Amino acid sequence: MNIIKLAASENGARPAIQTWPEAIPPEGYAVVPDEFDTTVFYESLGFVDLTVDEDEVVAMTANDAALAAYRAELAPEAAAEEATPDMLLDILLGVAEDG
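Residues numbered from 1 in each chain as written. Predicted model: local features only at pLDDT ≥ 70, side-chain atom pairs only at ≥ 80, totals over all residues. Heavy atoms only, no water.

Novice: Honestly, the overall build of the chain in this entry has me stumped. Any pointers?
Specialist: Counting its regular elements, the chain contains four helices and five strands. Seen in sequence order, the chain has helices and strands lined up from the N terminus as β-β-β-α-β-β-α-α-α. At a minimum sequence separation of 6, the contacts of the chain that also span at least 24 residues come to 47%. For the chain, the exposed area adds up to about 6,400 Å²; of that, 50% sits on carbon and sulfur atoms. (Helix = DSSP H or I, 4+ residues; strand = E, 2+ residues; numbered from the N terminus. Contact = heavy atoms within 4.5 Å. Areas by Shrake-Rupley, 256 points an atom, 1.4 Å probe, with all protein chains shown as cover.)

Novice: Honestly, unusual backbone geometry in this entry has me stumped. Any pointers?
Specialist: Most peptide bonds take the trans configuration, and most residues that are not glycine carry a negative phi. Residue Leu45 is not a glycine yet carries a positive backbone phi of 55 degrees. Along the polypeptide, Leu45 turns up in the loop between α1 (39-43) and β4 (48-53). We classify Leu45 as buried; its relative accessible area is 8%. Even without being glycine, Asp55 reaches a positive phi, approximately 65 degrees. On the accessibility criterion, Asp55 (46% relative accessible area) is partly exposed. (Buried < 20%, exposed > 50% of the residue type's maximum accessible area, 1.4 Å probe, protein only.)

Novice: What is the right way to look at the packing of aromatic side chains in this model?
Specialist: Evaluated as defined, the whole model comprises two aromatic pairs. Relative to Tyr42, the ring of Phe41 has its centre 5.0 Å away and its plane inclined at 80 degrees; by these criteria the two rings are edge-to-face. Of the residues examined, Phe41 reaches a relative accessible area of 0% and is grouped as buried. Both rings, one in Phe47 and one in Tyr70, keep their centres 5.6 Å apart while their planes meet at 40 degrees; by these two values the pair is tilted. Remark: Tyr70 occurs in helix α2 (residues 64-73) and Phe47 occurs in the loop between α1 and β4; sequence separation between them is 23 residues. (Phe/Tyr/Trp six-rings, centres within 6.5 Å; stacked < 30°, edge-to-face > 60°.)

Novice: What should I look at first to understand helix α4 (residues 85-93) in this one?
Specialist: Given 3.6 residues to a turn, an α-helix orients residues that are three or four positions apart in the same direction. Buried residues of α4: Leu88, Ile91 and Leu92, and no others. Down the axis of α4, the smallest arc covering the buried residues is 95 degrees, so these residues share one side. Across from the buried face of α4, at angles greater than 90 degrees, the exposed residues are Asp86 and Leu93. In this structure, the buried side of α4 is in contact with α1 and α2. Phi turns positive, to about 70 degrees, at Gly94, one or two residues after α4. (Arc of directions from axis to C-beta.)

Written out as structure tokens, the structure reads:
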């Protein structure tokens with residue numbers, strides 16, 4: 001089963017969707033059904049809002065405001081770049097570069 005953290009990071013991004021071997025998700029997580037389309041999660045770099053019903057994600061929408069705010073904090077040249085896999089990983093892990 002796949003799971004996602006219910007609470008977004010301080011910047012509004014959510015950590016990556018994870019595989020979970022147990023039948024019940026850990027506290028603070030919801031099940032992402034296998035048939036659920038997660039395209040919006042990846043297109044929005046993890047900046048999504050969730051609708052959850054009984055520990056299961058039933059809807060996922062882009063949080064465009066949080067993504068725009070995050071991009072605005074980037075250096076101007078970085079904000080203009082297309083996201084790379086490393087950039088996405090840093091966002092999902094909540095890694096921020098100082099300076």
